Amino acid sequence: MSNHLFDQFRTAMPGSGPEGVLIETPDGPVLSYDGMLDMSGRLANLLVEEGVEPGDRVAVQVEKSVEALLLYLACVRAGAAFLPLNPAYTDVELEYFLQDAEPKLVVTDPGRVKGVVDLAYAVKATLLTLGTDGQGSLMAGAAEQVPEFEDVARGPDDLAAILYTSGTTGRSKGAMLSHENLASNARVLVEAWRFTPDDVLIHALPIFHTHGLFVATNTVLSAGASMLFLPRFDAAAVVRAMGRGTVMMGVPTYYVRLLQEPGLTREAAAGMRLFVSGSAPLLAETHRVFQERTGHAILERYGMTETNMNTSNPYDGPRIPGTVGPALPGVELRIVDQESGRPVRDGEIGMIEVKGPNVFKGYWRMPEKTKAEFREDGFFITGDLGLIDGHGHVQIVGRGKDLVISGGFNVYPKEVEAELDRLDGVIESAVIGVPHPDFGEGVVAVLAVEEDHKLTEDVVIAALAQRLARYKLPKRVRFVAELPRNTMGKVQKNRLREDYKSLFSA
Ligand code: AMP
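The structure contained in this document is the topic of the report that follows. (Residues numbered from 1 in each chain as written. Predicted model: local features only at pLDDT ≥ 70, side-chain atom pairs only at ≥ 80, totals over all residues. Heavy atoms only, no water.)

What follows concerns the pairing of strand β4 (residues 81-84). Burial along β4 is two-sided: A81 and L83 facing one way and F82 and P84 facing the other are all buried. Relative to β4, strand β3 (residues 57-61) is paired through 4 bridges, and the arrangement is parallel. Paired with V60 across the bridge in β4 is P84. With helix α3 (residues 66-78) bridging β3 and its parallel neighbour β4, the resulting β-α-β unit is right-handed. (Buried < 20%, exposed > 50% of the residue type's maximum accessible area, 1.4 Å probe, protein only. Helix = DSSP H or I, 4+ residues; strand = E, 2+ residues; numbered from the N terminus. Pairing = 2+ DSSP bridges. Right-handed = clockwise from strand over helix to strand, strands pointing away.)

Spelled out as structure tokens, the structure:
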């Protein structure tokens, strides 16, 4: 047997020489494909020496670096399950993940050893360190190893990674992703987005999340392409990178910030062939202004940790703002009535469900939760509400748990937000439901506004009353400088609901 995922990367590898660059930085090439084989081989040998066996978890909480990416590849080659964690998690949060996943090995930043050492010891894990410049015991240990490594045999259904969901309700869950979940999605994206070995992806995303780790990296590796690695998103640095890059992947916030960058011009983006957005909704307005400024229509796609990518706007053909396109090849997608589970008609809102080789194997050690989120015919209940429009494109109207039920009527936040975003002085908006003594939930609008705005609560409600049914109107409006967001650019509505939970109880 072969190593299913890594074999796919091997097959796509370009030859040696200048065309064989895998990673470059603004200062020049830093890792060739040959170097990747060499270093991931050494790291894989080290994993084996540390007692990591096929199926064992390797928990990694470090800053973004080339070495961290090599560690991911070493885990795949050694048959381990790579378990990346957001470096922003505190030691208290880390304890939960380590207790739950019981990794054989924990890799942390040298500066965090003091807090992590007891947590690793408690789960009998070995602790190694990796800093942003490759310092620490991990790379020191790898340097002692030989580069030759025989990839551990892994089949399509074997575990390749566990990614914990962001857990906005309750405990975060470990999504188990198999070799074929990752390999199949990367193959589909290479085709759908026309990746070739000549592509240079501008990589400014974090690598502890599905977007920067799998969508970006696995696609590049499955095309034999290369990446321009940036430590973090910085609008000016990304604009400069456009001189070298051909493709960029980002969350909507990146595109909003790029638009604030004077250097973003048609000329600056002339060498680029594709801009992809996902992980949160891209405002139609951002799409429009970006196209005016650069001549590029951002391609929006939709996916999640559990399913990899499900839909994408077309590469050729209209990329329709406010939609995430049709299902990708091999992915089945349907919209069903949340209660009965029966498919609804096109144009009607319901729960988005998906099935295909991209869909994960279940939640780590949570068989009950896993069972509850799959239908009997194998479809995964995404938790996202949406509809299929007249073009066959999916439109997402929001998370099911963000739906507001006021006086027995369903209020879809996105519909109200779209109206709010049109108002002069509004930068963006979030509509939430909070407990209300009469209506069950009351609709609240939280608006991020420009400094010199002239809006008041009454003005906002009066403007919306012209356009929306009464039950959808916000009962209260709150003004803020910025909406709270997580690192992937998602608005944290759970935080807003918490902040405003007593608004109607006084
Ligand atoms: P994550 O597991 O962190 O990648 O989050 C997945 C969730 O992000 C999905 O279930 C959606 O709610 C949301 N999401 C991802 N892509 C989009 C998109 N293009 N438009 C709207 N929401 C999106």
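Having put the structure on the table, let's press on.
Taken as a whole and assessed by the stated rule, the structure comprises 1 cavity of 30 Å³ or more. In this structure, the largest cavity occupies an estimated 40 Å³ of space. L182, N185, A186, L189, F214, V215, N218 and N308 together form the lining of the largest cavity. Taken together, the elements giving at least two residues each to the lining of the largest cavity come down to α7 (179-192) and α8 (210-223). Sort the elements by how many residues they give to the lining of the largest cavity and α7 lands first, with 4 residues. Partitioning the lining of the largest cavity into residue classes produces 5 nonpolar, 3 polar and no charged. (1 Å grid on protein atoms, 1.4 Å probe; cavity = no way out; pocket = protein on both sides within 12 Å on 5 of 7 lines; lining within 4 Å. Points joined across faces, edges and corners; volume = space filled by probe spheres on them. Nonpolar A, V, L, I, M, F, W, Y, C, P; charged D, E, K, R; others polar.)

In the case of a regular strand, side chains alternate between the two sheet surfaces. Bridge count between strand β22 (residues 440-449) and strand β23 (residues 476-480): 5 bridges; the pairing is parallel. Of the residues in β23, the one forming a bridge with A445 is V477. Taking the sense of rotation as the criterion, the β-α-β connection linking β22, helix α14 (residues 457-465) and β23 turns out right-handed.

Looking at where E417 falls in the secondary structure, it is placed in helix α13 (residues 413-421). Note on E417: relative accessible area 13%, which makes it buried. Sequence separation between E417 and A445 is 28 residues, and the spatial gap between their C-alpha atoms is 8.1 Å. Once residues within four sequence positions are removed from consideration, E417 is found in contact with S429, A430, V431 and K493. A polar contact of 2.9 Å, which involves the side chain of E417, links it to the backbone nitrogen of V431. (Contact = heavy atoms within 4.5 Å. Polar contact = N/O pair within 3.5 Å; in protein donor to acceptor, adjacent residues only side chain to side chain.)

This paragraph deals with the side chain of H287. Position of H287 relative to the elements: it lies in helix α11 (residues 284-294). Since its relative accessible area comes to 4%, H287 is described here as buried. The contacts of H287, once residues within four sequence positions are left out, are L282, A297, I298, R319 and P321.

Once that is clear, we can look at the environment of T286. Tracing the backbone shows T286 in helix α11. For T286, a relative accessible area of 7% corresponds to the buried category. Along the chain, T286 and K64 lie 222 residues apart, while their C-alpha atoms are 28 Å from each other. For T286, the contacting residues outside a window of four places in its chain are Y255, V256 and L259.

Pairing is mixed in the open sheet, where 8 strands are placed in the order β2-β1-β10-β9-β11-β12-β13-β14. Where the open sheet ends on each side, the last strands, each with one partner, are β2 (28-32) and β14 (308-312). Strand-to-strand twist across the sheet, computed as the mean angle between neighbouring axes with direction ignored, equals 30°. Bridge analysis of strand β9 (residues 200-203) against strand β11 (residues 247-250) gives 2 bridges, and the strand direction is parallel. (Axes fitted to C-alpha atoms, helices over the stretch in contact; angles between N-to-C directions.)

Here D151 lies in the loop between α6 (137-143) and β7 (159-164). Within the structure, the side chain of D151 is placed 3.0 Å from the side chain of R10, a separation counted as a polar contact. D151 has contacts with N3, F6, R10 and R77, leaving out every residue within four places of it along the chain.

Around the ligand, a shell composed of 16 residues is seen, among which H209, R301, T305, D384 and K490 lie nearest. One of the side-chain N or O atoms of T305 is found 2.6 Å from an oxygen atom in the ligand. For the ligand, an oxygen atom lies 2.9 Å from a polar atom in the side chain of K490. In isolation the ligand offers 500 Å² of accessible surface; the protein chains occlude 91% of this area. For the shell around the ligand, the secondary-structure elements that each account for two or more residues are β13 (299-304) and β18 (394-399). Counting residues per element, the shell around the ligand draws most heavily on β13, which supplies 5 residues. (Near = heavy atom within 4 Å. Areas by Shrake-Rupley, 256 points an atom, 1.4 Å probe, with all protein chains shown as cover.)

Right, let's get into the pattern of salt bridges. Taken as a whole, this structure holds 27 salt bridges when the rule is applied. One salt bridge connects R375 with E353, and the closest N-O pair in it is separated by 2.5 Å. Taken together, the residues R375 in the loop between α12 (367-372) and β17 (380-388) and E353 in strand β16 (residues 350-355) connect sequence positions 22 residues apart. Residue E428 is joined to R485 by a salt bridge in which the shortest nitrogen-to-oxygen separation is 2.4 Å. Placement of E428 in strand β21 (residues 426-436) and of R485 in the loop between β23 and α15 (493-499) is noted, with a sequence separation of 57 residues between them. According to the relative accessible area criterion, R485 is partly exposed, its value standing at 30%. Salt bridges sharing common partners tie together R334, E353, R375 and D377. (Salt bridge = Lys/Arg side-chain N within 4 Å of Asp/Glu carboxyl O.)

Further remarks concern the sheet that holds β17. Read from one edge of the open sheet, 4 strands run β15-β16-β17-β18, paired in antiparallel fashion. Each edge of the open sheet is held by one strand with a lone partner, namely β15 (332-336) and β18. Going across the sheet, the axis of each strand differs from the next one's by a mean of 45°, ignoring polarity. With 5 bridges connecting them, β17 and β18 associate as antiparallel partners. Following the sheet pairing, D384 is matched in β18 by R399.

The values reported here are purely geometric and, on their own, carry no functional implication.
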